[in-house]
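Okay, here's what each chain looks like letter by letter:
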Amino acid sequence: MNDFKRDGSHLSFAPPVEKWDDWVELDPQQWPRKVQRHFQIIPTICFNCESACGLLAYINKETGEIEKFEGNPKHPASRGRLCAKGPATINQIHDPDRILYPMKRVGPRGGGKWERVSWDEVLSTLGARMRKALQENRKNEIMYHVGRPGHDGVMDRILQAWGVDGHNSHTNVCSSSARLGYMLWHYADRPSPDHANARFILLLSAHLESGHYFNPHAQRIIEGKMAGAKLAVMDPRLSNTASMADYWLPTYPGTEAAVLLAMAKVILDENLFDAEFVKNWTNWQQLELEGFDGSFESAITALRKYYARFTPEFAEKESGVPAVNIVRIAREIAQAGSRFASHLWRGSASGNLGGWQTARALMLLHALTGSVGTEGGHNLNAWNKFVAKPFSSPPPQQEWNELLYPPEYPLAMHELSPLLPHFLKEGRGRIDTYFTRVFNPVWTYPDGFSWIEMLKDESKVGFHAALTPTWSETAWFADYVLPMGFSPERHDLMSQETHSGRWIGFRQPVMRVLRERKGEHFDYTYETNPGEVWEEDEFWINLSWAMDPDGSLGVRKWFESPYRPGQKLTTDDYYGWIFENSVPGLPAVAAKENLTPLEYMRKYGAFEVKGEMHRQNENPLAPADLENSAVQPNGTILKGGKTVGVLVGDKPVVGFNTPSRKLELFSQTMADWNWPEFALPEYYRSHIHRSAQAVSLGRSSEDFSPRHMPKVDWPEHARGDVYTLLPIFRLPNLIHTRSGNAKLLYEISHKNPLWLNSANAKRMGMRVGDLVKVHTEIGYFVLHAWVTEGLAPDVVACSHHLGRWHVNEDQQIERMSSAWVDLQQTGPGQWKMRQVQSVHPYKSADPDTQRVWWSDPGVHQNITFPVHPDPVSGMHCWHQMVRVEKAGSNDRYGDIFVDTNRSYAVYKNWLALTRPASGPLRRPLWFPRVIRPVDSAFYRK
Ligand code: SF4
């Protein structure tokens, strides 16, 4: 608190660090009396999306309670700013329905009966199972499946210490298609755009308001815009982001690559490209195009000829975006040159068959404009994200788990996790011990009823432990529900490529930090958290000791202190060692304040790691790398059988981490792995293209896809007009399945109506609030219509955030966000859900729950979608071809029906599109894997 001054100079953006030990504010509830409240402020890192913004926890010194969270001004990425979800952490930790103790199932799995157990019992039960699996060489039967990660490097170390190939992720329902597109160009699987210094920014998403790193990015996009950058947004939906843009390009879904390639054609034809960059930094020499004679000039001519099909008029016909706008934006992008920044993560890439080509087409614009590695341009995530090394690292696992990377998908970027229920149904394997971590596939994934069938079957999943901070539809089908901490209740390291800079953030349990500062000692964080909410670091360390109490399995040694040989590792040991040894510059900066590096990080919560951010591909090769190396005919530099760099002109430089060490305009990998038609950035029609809709109705027999997509086989009951459903847009203030009882957030958003373009609504005789029935290939869902001009015609949309449910009346649920439903299996694979009771006010420890004024929890659409695995990237292609009709007299809001027999049939149809590897290799050796096994595991035995 400061004295009031008329000029406002008493106001501050955030409390200065020197006042964090005793920050004084007036109690707003006592106004006009001036009653002071004293706070201890301790930093941590937000856990509510992947951005990892800095939070400050305000702990009331009188009550000892955390009262609120605000932004940490010392955090280099978020710089004191947060979105609505950061401060809502306070609701999560005080949620009266949260899980406070470990729970064990009583009765059948999914029966809804639980009893409290001790952490000791949990550790000994799980430890014994896992020890047995390792001893019996059933290593691939241990699986860890992560929803929200957010702890750089920790699980790699743990799973490799166990020697299992057991890391499964949610990434194939999230971002793996875009990642494949980027990876094929430059190995790094995502962009790090320098928005703040750009002159033209192209977003293929609602990125200003939601999406990957959107708060740190949004700040810099607006900075760029304020400095004069133009902003274009390609999105079928008029999002808040599109409303801020200079150009809104409402593409028909799945046609974005056609528009981008048309822009590339304009830049090529009008000679607006950066010839020197293209010549030096793309692998044009590898082109296999008619007329290419080895010269750069003929390469450009051949490219012009190859992309001649992509006239702006063709792109207009495909996308609905006027050709004149395509030409205009192409010229503006070319004018921005090396200061052209863009972002693509989900949206087009995640929605469509072949969505990974959208990223490839986008990268073609960057290659042509020379905006890779530049200030104001597209940089590589690996150049900005800083992952610190721990004190020891176990060797890579020897195993290859085909439940994760099956032979049909040799180029899949990530684990084929949406197919897990089908793989187990087919007898491809079994899981003995299954950990789900902040992961709710029954609700977030397509085909959730197949997940229920899998989880209920103990012959397929021997034991399921759900590590989760909140109740979820998936935790309901667990054997143990293990409460894990939110952001102020746990340790983690986080770093992201949020801007042109590098940093590391420290998530920490703030009550433990406070009490230890006062001289108390705790063995475990759950001693200072609500109930017995634990943190995973300590859980995994103790579980590893329980698996291998005498060290005979070789597991325990990885979880012993680097400072006290033979003794159990602590979080202070683990993070203290990293801060002392692995973060350049931190020890010296800490020493200036007479702090140890760990004390410094506990005080500030984040540290900026200095270093060069741009043009790292141009770094000269170190003399040691040049020693005994040999330059190959294609200019790559080989040493010890590995490519270490490339000659650019006569300079040996590190280049990119691709086989050619250049940006791979031409992908020999695609050609070699049975997809020669996609060796160059291409466009092909998505599974929801208009022509596919006509085929589905029998009105056309046009062969719309390169692999003869199977015709959609509508269920008999499906009626109504055919549309493309966009089911993946985020509401900016909701957090997948963790915001259920965040009252600040649910009060703002709690419905997910079906967006209908006004012209389509008129044709169908629909008005706002009408009940509509949406048929998918495997079932239907019933919800309200919302009519809008802010959506491309012939497209419908529904946010994926809402429609939570619970099957019991009043326990183990998040009552502010979910409906009580009657869930019935009426026959083999026949599932029906009907809402029994909606959200309503209720009594709890929080008086605000009696003030809940909303009743609509939304409708669960994902569960009515079949899986659509892209045959190349493995990504679930989220967009759906649906039929929409007015609901009938027997239909009620929230009704859902699904036939999992049909979902299995659709899975088989998509599986038939794949082109399995034919040689000894399971996957290109240069391709990454999330936790990479030894190279020999890449070969079939
Ligand atoms: S963007 Fe919002 S939810 Fe994500 S880390 Fe930042 S404050 Fe938290």
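A few points on the structure. As the structure is a computational prediction, the values presented were derived from the model and not from experiment.

1. Looking at the overall build of the chain
Here is step 1: Scanning the chain for helices and strands turns up 28 helices and 34 strands.
Here is step 2: For 941 residues, the compact-globule formula gives about 30 Å, and the C-alpha radius of gyration of the chain, at 27 Å, lands near that figure.
Here is step 3: For the chain, the C-alpha atoms occupy an extent of roughly 75 × 75 × 75 Å along the three principal directions.
Here is step 4: Here the chain holds 941 residues, and the buried ones make up 64% of them.

2. Quick word on the site of the ligand
Here is step 1: Contacts to the ligand come from C46, N48, C49, S51, A52, C53, L82, C83, K85, G86, F214 and N215.
Here is step 2: A per-class count over the shell around the ligand returns seven nonpolar, four polar and one charged.

3. Quick word on the pattern of salt bridges
Here is step 1: Under the criterion given, the structure shown has 67 salt bridges.
Here is step 2: Its salt-bridge partner being R148, residue E50 comes within 3.4 Å of it at the nearest N-O pair. With a gap of 98 residues between them, E50 in the loop between β2 (36-45) and β3 (54-60) and R148 in the loop between β7 (142-146) and α3 (154-162) connect regions that are remote in the sequence. Considered together, E50 and R148 belong to a single accessibility category, that of buried residues.
Here is step 3: Linking E223 and R79 is a salt bridge whose minimum nitrogen-to-oxygen distance equals 2.8 Å. Within this pair, whereas E223 is found in helix α5 (residues 214-226), its partner R79 is found in the loop between β4 (66-71) and α1 (89-93), the two being separated by 144 residues in sequence.
Here is step 4: Its relative accessible area of 30% is what places E223 among the partly exposed residues.
Here is step 5: With relative accessibility at 24%, the residue R79 sits in the partly exposed group.

4. Quick notes on the sheet that holds strand β21 (residues 630-631)
Here is step 1: Judged by pairing direction, the sheet is antiparallel, and its four strands sit side by side in the order β21-β22-β23-β24 without closing on themselves. Edge positions in the sheet fall to β21 and β24 (651-653), since each of these pairs with one other strand and no more.

5. A closer look at the packing of aromatic side chains
Here is step 1: Evaluation of the coordinates by the stated rule reveals 50 aromatic pairs.
Here is step 2: Their ring planes at 65 degrees and their centres at 5.8 Å tell us that W162 and W540 sit as a pair that is edge-to-face. Note that W162 is positioned in helix α3 and W540 in helix α19 (residues 536-547), a separation of 378 residues in sequence. The two residues W162 and W540 agree in class, both being buried.
Here is step 3: In textbook terms, an aromatic cluster arises when at least three aromatic residues are bridged by ring pairs, as seen for W119, Y144, W162, F435, Y524, Y526, W534, F539 and W540.
Here is step 4: When the ring centre of W545 is taken as reference, the NZ or CZ atom of K568 above it lies at 5.3 Å.
Here is step 5: The residue whose ring lies beneath R915 is W675, and the NZ or CZ to ring-centre distance is 3.6 Å.

6. Thoughts on the sheet that holds strand β16 (residues 461-468)
Here is step 1: Strand order in the open sheet formed by seven strands is β6-β5-β17-β16-β15-β7-β8, with mixed pairing between adjacent strands. Pairing within the sheet leaves two strands with one partner each, and these edge strands are β6 (114-116) and β8 (167-169). Each adjacent strand pair in this sheet contributes to an overall mean axis angle of 20 degrees, direction not counted.
Here is step 2: Here β7 runs beside strand β15 (residues 431-437); their pairing, made up of five bridges, is parallel. Across the sheet, the residue bridging to I142 is T433, located in β15.

7. Concerning helix α18 (residues 510-517)
Here is step 1: Restricting attention to buried positions, one finds in α18 the residues V510, M511, R512, V513 and L514.
Here is step 2: Residues of α18 that are buried in the fold lie against β2, β3, β4, α19, α20 (571-581) and α22 (597-604).
Here is step 3: Positive backbone phi, at 105 degrees, marks G519, one or two positions downstream of α18.

8. A word on helix α2 (residues 119-135)
Here is step 1: A rise of 1.5 Å per residue sets the reference length of α2, with its 17 residues, at 24 Å; its end C-alpha atoms lie 24 Å apart and thus fit the reference within 8%.
Here is step 2: Here α2 has its buried residues at W119, V122, L123, L126, G127, M130, R131, A133 and L134. Axial view of α2: buried residues confined to an arc of 155 degrees, hence all on one face.

9. A word on the nonpolar core
Here is step 1: Counting 93 residues, the largest nonpolar core has L420, Y434, L754 and L783 as its most contacted members.
Here is step 2: Per element, the largest residue contribution to this core is five residues, and it comes from helix α17 (residues 448-456).
Here is step 3: Every residue in contact with L754, bar those within four places of it in the chain, is listed here: L725, V772, V774, L783, H784, A785, W786, V796, A797, C798 and V884.
Here is step 4: Counting residues in each nonpolar core, the second largest holds 70 residues, with V259, A302, L344 and V648 among its members.

10. Quick word on the side chain of D573
Here is step 1: Position of D573 among the secondary structure elements: in helix α20.
Here is step 2: Among the residues examined, D573 registers a relative accessible area of 7% and is labelled buried.
Here is step 3: Side chain to side chain, D573 and S561 meet in a polar contact 3.1 Å long.

11. A look at unusual backbone geometry
Here is step 1: Cis geometry is adopted by the peptide bond preceding P32, which originates at W31 and carries an omega value of 10 degrees.
Here is step 2: Here P32 is to be found in the loop between β1 (23-26) and β2.
Here is step 3: Positive phi is not limited to glycine here, since Y213 has a value of about 55 degrees.
Here is step 4: Positive phi, close to 35 degrees, is recorded for H736, a residue that is not glycine.
Here is step 5: If you trace the backbone, H736 turns up in the loop between β25 (721-726) and α26 (743-748).
Here is step 6: Judged by its relative accessible area of 25%, H736 falls in the partly exposed class.

12. Side note on the pairing of strand β22 (residues 636-639)
Here is step 1: Summarising the sheet, β21 and β22 pair through two bridges and their orientation is antiparallel. The residue bridging A630 from the neighbouring strand is L638, located in β22.
Here is step 2: In this antiparallel pair of consecutive strands, β21 and β22, the connection spans four residues, and G635 shows a positive phi of 95 degrees.
Here is step 3: Inspection of the sheet shows β22 paired to strand β23 (residues 642-648) by four bridges, in the antiparallel sense. Looking at the pairing, I637 lines up with G645 of β23.
Here is step 4: From the end of β22 to the start of β23, which pair antiparallel, there are two residues, and G640 there has a positive phi angle of about 55 degrees.

13. Quick look at the side chain of H75
Here is step 1: The topology assignment puts H75 in the loop between β4 and α1.
Here is step 2: Here A52 takes part through its backbone oxygen, which lies 2.9 Å from a polar atom of the side chain of H75.
Here is step 3: Residues in contact with H75, not counting those within four places in the same chain, are I45, A52, C53, G54, W503 and A606.

14. Re the packing of α20 against α22
Working note: a packed helix pair is described by the angle between its axes plus the distance between those axes.
Here is step 1: Where α20 contacts α22, the two axes come as close as 8 Å, and the packing angle between them is 100 degrees. Judged by the inter-axis angle, α20 sits roughly perpendicular to α22. For the pair formed by α20 and α22, the contact residues are D572, Y575, G576, F579 and E580 on the first element and P597, L598, M601 and R602 on the second.

15. A word on the pairing of strand β13 (residues 340-343)
Here is step 1: Side-chain alternation along β13 places F340 and S342 on one buried face and A341 and H343 on a second face that is also buried.
Here is step 2: Relative to β13, strand β10 (residues 200-203) runs parallel, the two being bridged by four bridges. Across the sheet, F200 pairs through a bridge with F340, a residue of β13.

16. Considerations on the packing of helix α10 (residues 312-319) against helix α11 (residues 323-336)
Here is step 1: Two elements in contact, α10 and α11, have axes whose closest approach is 8 Å; the angle formed by their N-to-C orientations is 120 degrees. With respect to their mutual orientation, α10 and α11 come out oblique. Crossing hand, α10 versus α11: right-handed. Contacts between α10 and α11 involve P312, E313, A315 and E316 from the first element and A323, I326 and V327 from the second.
Here is step 2: In the contact of α10 with α11, the residues fall into five nonpolar, no polar and two charged.

17. Here we look at the environment of V321
Here is step 1: Within the secondary structure, V321 sits in the loop between α10 and α11.
Here is step 2: Once the C-alpha coordinates of V321 and T255 are considered, the two residues, 66 residues apart in sequence, prove to be 9.9 Å apart.
Here is step 3: Beyond its immediate stretch of four places on either side in the chain, V321 contacts L249, P250, T251, E316 and I326.

18. Remarks on the environment of G294
Here is step 1: Mapped onto the fold, G294 is located in the loop between α8 (275-281) and α9 (296-306).
Here is step 2: Relative accessible area serves as the criterion here: at 44%, G294 is assigned to the partly exposed category.
Here is step 3: Spatially, the C-alpha atom of G294 lies 58 Å from that of K773, the residues being 479 residues apart in sequence.

Criteria and cut-off values
Along each chain, numbering runs from 1 in the same order as the chain's sequence is written. Given that the model is predicted, a residue must reach a pLDDT of at least 70 before its local features are reported, and side-chain atom pairs must reach 80 or more before they are shown or counted; all residues, however, enter totals for whole chains, interfaces and linings. No hydrogens and no water enter the side-chain calculation; it runs on all heavy atoms of the structure. Put simply, DSSP marks the helices as runs of H or I at least four residues long and the strands as runs of E at least two long, and each gets a number from the N terminus on. Restricting the calculation to C-alpha atoms gives the radius of gyration, and the globule rule supplies 2.2 Å times the number of residues raised to the power 0.38. Any residue under 20% of the maximum accessible area for its type is buried, any over 50% is exposed, and the rest in between are partly exposed; the area is computed with a 1.4 Å probe on protein chains only. What makes a residue near a molecule or strand is one non-hydrogen atom of that residue sitting within 4 Å of it. For this classification, the nonpolar set comprises Ala, Val, Leu, Ile, Met, Phe, Trp, Tyr, Cys and Pro, the charged set comprises Asp, Glu, Lys and Arg, and every other residue, Gly included, is treated as polar. Basic side-chain nitrogens of Lys or Arg form a salt bridge, by our definition, when they fall within 4 Å of a carboxyl oxygen of Asp or Glu. Strands were regarded as paired on the criterion that DSSP finds at least two bridges between them. Ring pairs are drawn from Phe, Tyr and Trp, using the six-membered ring of Trp, whenever the two centres fall within 6.5 Å, and their geometry is named by plane angle: stacked under 30 degrees, edge-to-face over 60, tilted for the rest. Put simply, a charge is over a ring when the Lys NZ or the Arg CZ is close to the ring centre, within 6 Å, and near the line of the ring normal, within 35 degrees. Axis lines are fitted through C-alpha atoms, for helices just across the contact stretch, and the angle between N-to-C directions can take any value from 0 to 180 degrees. Only heavy atoms enter the contact rule, under which two residues are in contact if any of them lie within 4.5 Å. An expected span of 1.5 Å times one less than the residue number is assigned to each helix. Directions are taken from the helix axis to each C-beta atom, and the arc is the one they span. Side-chain atoms within 4.5 Å are what join buried Ala, Val, Leu, Ile, Met, Phe, Trp, Tyr and Cys residues into a set we call a nonpolar core. The definition of a polar contact used here is a pair of N or O atoms within 3.5 Å, where within protein one atom must be able to donate a hydrogen and the other to accept one, and adjacent residues in sequence count solely through side-chain atom pairs. These descriptions rest on fixed angle ranges, namely under 35 degrees for roughly parallel, over 145 for roughly antiparallel, 65 to 115 for roughly perpendicular, and the rest for oblique. Crossing handedness: left-handed means the near helix sits turned counterclockwise from the far one by under a right angle, and right-handed means the same turn made clockwise.

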